[in-house]
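Here is what each chain is made of, one letter per residue.
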Amino acid sequence: QVQLVESGGGLVQAGGSLRLSCAVSGSIFSINAMGWYRQAPGKQRELVASITSGGSTNYADSVKGRFTISRDNAGYTVYLDMTSVKLEDTAVYYCNADLRRTISTYRSTYWGKGTLVTVSS
């Protein structure tokens with residue numbers, strides 16, 4: 001069984017910083033890309049940032065220059081460093097991982113349950 005557990009969400013003032021973490025555990029052969037998505041009230045879930053096993057990153061235009069995604073050396077934990085946060089960054093942030101559970105299985109995407117980030121004025 002594969003689990004993704006996010007942590008680090010909470011209340012932060014506009015202009016402040018926050019670090020989200022997501023740890024992947026379980027029976028895993030390899031992890032390809034990992035990413036962070038967010039869903040604000042009444043809106044669709046959207047990509048915030050992603051990172052491949054090779055370290056290539058991709059960001060939504062709305063967070064470029066403010067957020068940084070990274071992975072630990074083992075590749076099983078992904079971080080999202082959020083700086084200069086804005087009111088519109090308020091959302092539930094979800095971690096996902098594109099991985100293979102065994103050498104003979106196809107890649108599948110797994111999701112965490114989300115962590116709430118609330119930005120106050």
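Residues numbered from 1 in each chain as written. Predicted model: local features only at pLDDT ≥ 70, side-chain atom pairs only at ≥ 80, totals over all residues. Heavy atoms only, no water.

Draft legend 1. Just the layout of surface pockets, in detail. Counted as a void, the largest pocket has a volume near 180 Å³. If you trace the largest pocket, you find 13 residues lining it, with R38, A40, K43, E46 and E88 closest to the centre. A per-class count over the lining of the largest pocket returns 2 nonpolar, 4 polar and 7 charged. (1 Å grid on protein atoms, 1.4 Å probe; cavity = no way out; pocket = protein on both sides within 12 Å on 5 of 7 lines; lining within 4 Å. Points joined across faces, edges and corners; volume = space filled by probe spheres on them. Nonpolar A, V, L, I, M, F, W, Y, C, P; charged D, E, K, R; others polar.)

Draft legend 2. Fine view of the packing of aromatic side chains. As enumerated under the stated definition, the model contains 1 aromatic pair in all. Look at Y37 and W111: their rings are 5.0 Å apart centre to centre, the planes differ by 65 degrees, and that puts the pair in the edge-to-face class. Placement of the pair is Y37 in strand β4 (residues 30-39) and W111 in strand β10 (residues 108-111), with a sequence separation of 74 residues. On the basis of relative accessibility, which here comes to 36%, the residue W111 falls in the partly exposed class. The ring of Y94 is capped by R45, whose NZ or CZ atom sits 3.7 Å from the centre of that ring. The ring of W111 has R45 lying over it, and the distance from NZ or CZ to the ring centre is 4.7 Å. (Phe/Tyr/Trp six-rings, centres within 6.5 Å; stacked < 30°, edge-to-face > 60°. Helix = DSSP H or I, 4+ residues; strand = E, 2+ residues; numbered from the N terminus. Buried < 20%, exposed > 50% of the residue type's maximum accessible area, 1.4 Å probe, protein only. Lys NZ or Arg CZ within 6 Å of the ring centre and 35° of its normal.)

Distances and angles like these do not, on their own, reveal function.
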